[in-house]
Amino acid sequence: MASHLLKRSIRNPNIKKHLFSSTFLSSIHQIPNPTNQNSLDLIAANTCSFGTTKNPRRIHQNYLVKIQSFSSQAAVTTDELQTTDGLTVDQITANQWPILDETEGDWKSHASAVAQSIQLIKKRLQWKKLVMRLQMLTIQLNKPDLWDDPVHAGKISREHGSLMGKMKEVNGFERELLEHIDMLKLAREENDGELELESLKALLKMRRSAKEKELKAMLAGEHDPCSCFIEVQAGAGGTESMDWASMVMNMYKSWGQRRGYGVTVVDEMAGEVAGIKRATIKVDGEYAFGYAKAEVGTHRLVRISPFDSGKRRHTSFAAVAVTPILGDVSAQVQINESDLRIERFRSGGAGGQHANVTDSAVRIVHIPTGVTACCQNERSQHQNKAMAMSVLQSRLDQLEMARQAQMNAQHTQSLTDNSWGNQIRSYVLHPYRMVKDLRTNYEVSDPDSVLEGDLDDFILSYLSAFMDKDEDDMS
């Protein structure tokens, strides 16, 4: 849209003269895309043809590093982007222009809304940490011996590219805002009503798209785009909690299906009377882990017990753990076959043509860590073993990530501290009806819809509160 307005404004000779001034050109300067592999190959080839080196691969890598380094530093300096009269995003928010309804057609209102969104996005991306990490990666990319370890080099290169992509997107959005403001002011100076209207529409379009970018910034974690396993385990409360655990698992199945994810039961251990002792499902889809990670913790139910002849009120607990399924094989923990103990047993459940006939269920124990994974829902032992290995891989990956980040409580504590004082959400069906998230205080008075999988508002409320709580991360 900005390029369209640029072409449109060139029709006016006075605006054209200003647009091609050195000041304005410097404010909209674009860095060539360093990820264009054809360009990089061409640069390397040309350099080799004129040079004396006998290692074109090294030349190619050095040019790649230099371009990435230049692009990284250019991206960092875009924090100083400003309009021709010196207006920056920080100054726009500092002016506290009132944000009116979209229909008002006030350019300051649109600009203020977009500027606030940009600052919020930077906060959620932990902008200062992102910049520092990008600088560290650039230093590593400049090391001459980087490609001696291709696996490590590939990991560094991918992370650098991912961070660069995020930074370029935010800086591009910020640059676009300032360009539209410049266009609008110039159109007013030249009494060009048509260009002014187009600039105003462009600002409105940015304001509407900013909300989508805010949501995307909440799911900017390294593993957020991954699919995941969701594990539910009954807590204190006996049969009551086993029935509640089954209700929670059904809630997540419905939630996954609502979002269009693939949902597969991996393992399930039925309770003696009702419900389940534990169960694991695989949720397959983009950003499944990014959303589902908000559900980690203990969920508490208060209701009149259907298993109590005295119709008394009971409190039940169920714990939820979520682990990502890493798509990058190089990032996975390496599992040695000698470290595994594989046990085979007959499947449980209601029976059928294949169940309870052969030892098709598989339990795999990782001996060094004691981590266990089980699967009994597939039709053959081979399929059960493959799925159990997938679950085990995910749990070991999560354990390693927790160790590296010193956040072991995210998975293990969520399944052990499964009682009073550790719950994240309360579901009350009696004496009143309400579901309340104890972390954000977000609540609704329709528990039935929540138990049927309507969880998005709770998830987004938590992710928003979690990402926005630390104002010091925004630059």
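Residues numbered from 1 in each chain as written. Predicted model: local features only at pLDDT ≥ 70, side-chain atom pairs only at ≥ 80, totals over all residues. Heavy atoms only, no water.

K.L.:
Tell me what's going on with the packing of aromatic side chains, and back it up with residues and numbers.
P.N.:
Inspection of the entire model under this criterion finds five aromatic pairs. Taking 4.9 Å as the distance between ring centres and 65 degrees as the angle between the ring planes, the aromatic pair formed by W244 and Y427 counts as edge-to-face. Residue W244 is found in helix 11 (residues 239-258), and its partner Y427 is found in strand 9 (residues 423-428); the two are separated by 183 residues along the sequence. Y427 carries the same exposure label as W244, and that label is buried. Note on Y462 and F466: the rings are 5.8 Å apart at their centroids and 25 degrees apart in plane angle, and the pair reads as stacked. (Phe/Tyr/Trp six-rings, centres within 6.5 Å; stacked < 30°, edge-to-face > 60°. Helix = DSSP H or I, 4+ residues; strand = E, 2+ residues; numbered from the N terminus. Buried < 20%, exposed > 50% of the residue type's maximum accessible area, 1.4 Å probe, protein only.)

K.L.:
Explain a negative patch on the surface residue by residue, including any values.
P.N.:
On the surface, D446, E452, D454 and D457 cluster together to form a negatively charged patch. In this structure, D454 sits in the loop between helix 15 (447-451) and helix 16 (456-468). (Patch = residues over 30% accessible without salt bridge, like charges linked within 9 Å, V, L, I, M, F, W, Y side chains within 5 Å. Areas by Shrake-Rupley, 256 points an atom, 1.4 Å probe, with all protein chains shown as cover. Salt bridge = Lys/Arg side-chain N within 4 Å of Asp/Glu carboxyl O. Lys, Arg positive; Asp, Glu negative; His and termini not counted. Charge placed at Lys NZ, Arg CZ, Asp CG, Glu CD.)

K.L.:
Give me unusual backbone geometry: which residues, what numbers.
P.N.:
Of note, the amide linkage connecting H430 to P431 takes the cis form, showing an omega dihedral of 10 degrees. By the secondary structure assignment, P431 is in the loop between strand 9 and strand 10 (434-437). Despite not being glycine, Q126 shows a phi value in the positive range, around 50 degrees. Its place among the elements puts Q126 in the loop between helix 7 (107-124) and helix 8 (127-141). On the basis of relative accessible area, Q126 is assigned to the partly exposed category, the value being 32%. Unlike most non-glycine residues, Y287 shows phi in positive territory, near 65 degrees. For Y287, a relative accessible area of 21% gives the class partly exposed.

K.L.:
Explain the nonpolar core to me, using residue names and the numbers behind them.
P.N.:
Counting residues in hydrophobic clusters, the biggest one holds 39 residues, and the most contacted among them are I230, Y252 and W255. Elements represented by at least two residues in this core include exactly strand 1 (227-234), helix 11, strand 3 (276-284), helix 12 (288-292), strand 5 (313-325), helix 15 and helix 16. Here I230 is in contact with M249, Y252, W255, A279, T280, I281, V283, A292, V320, A321 and V322, once residues within four sequence places are set aside. (Core = buried A, V, L, I, M, F, W, Y, C linked by side-chain atoms within 4.5 Å. Contact = heavy atoms within 4.5 Å.)

K.L.:
So what about the pattern of salt bridges? Which residues, and what values?
P.N.:
A full pass over the atoms with the stated rule returns 22 salt bridges. For E174, the salt bridge is made with K122, and the minimal N-O distance between the two is 3.3 Å. With E174 in helix 9 (residues 150-189) and K122 in helix 7, the pair connects residues that are 52 residues apart, well separated along the chain. The class of K122 is buried, set by a relative accessible area of 6%. As a salt-bridge pair, R303 and E240 come within 3.3 Å of each other at their nearest N and O atoms. Of the two residues, R303 sits in strand 4 (residues 297-304) while E240 sits in helix 11, which places them 63 residues apart along the sequence. Each member of the pair, R303 as well as E240, carries the same accessibility label: buried. A network of salt bridges, in which partner residues are shared, links E295, R425, D437 and R439.

K.L.:
Any details on the sheet that holds strand 8 (residues 371-375)? Residues and values, ideally.
P.N.:
Spatially, 6-7-8 is the arrangement adopted by the three strands of the open sheet, whose pairing is antiparallel. Each of the sheet's edge strands pairs with one partner strand only, and the pair in question is strand 6 (340-345) and strand 8. Each neighbouring strand pair of the sheet contributes to a mean axis angle of 15 degrees, computed without reference to strand direction. Note: strand 6 against strand 7 (residues 361-366), six bridges, orientation antiparallel. Note on strand 7: the bridge partner recorded for L340 is H366. (Pairing = 2+ DSSP bridges. Axes fitted to C-alpha atoms, helices over the stretch in contact; angles between N-to-C directions.)

K.L.:
Tell me about the packing of helix 8 against helix 9, residues and numbers included.
P.N.:
Axes are the key here: two packed helices are described by the angle between their axes and the distance separating the axes. Where helix 8 meets helix 9, the closest approach of the two axes is 10 Å, and the angle between their N-to-C directions is 140 degrees. Between helix 8 and helix 9, the angle is such that the two are oblique. Of the two possible hands of crossing, helix 8 and helix 9 adopt the one that is left-handed. Listed contacts from helix 9 to W127, L130, V131, R133, L134, L137, T138, Q140 and L141 of helix 8 are H152, I156, S157, E159, H160, L163, M164, K166, M167, V170 and N171. (Parallel < 35°, antiparallel > 145°, perpendicular 65-115°, else oblique. Left-handed = near helix turned anticlockwise from the far one by under 90°.)

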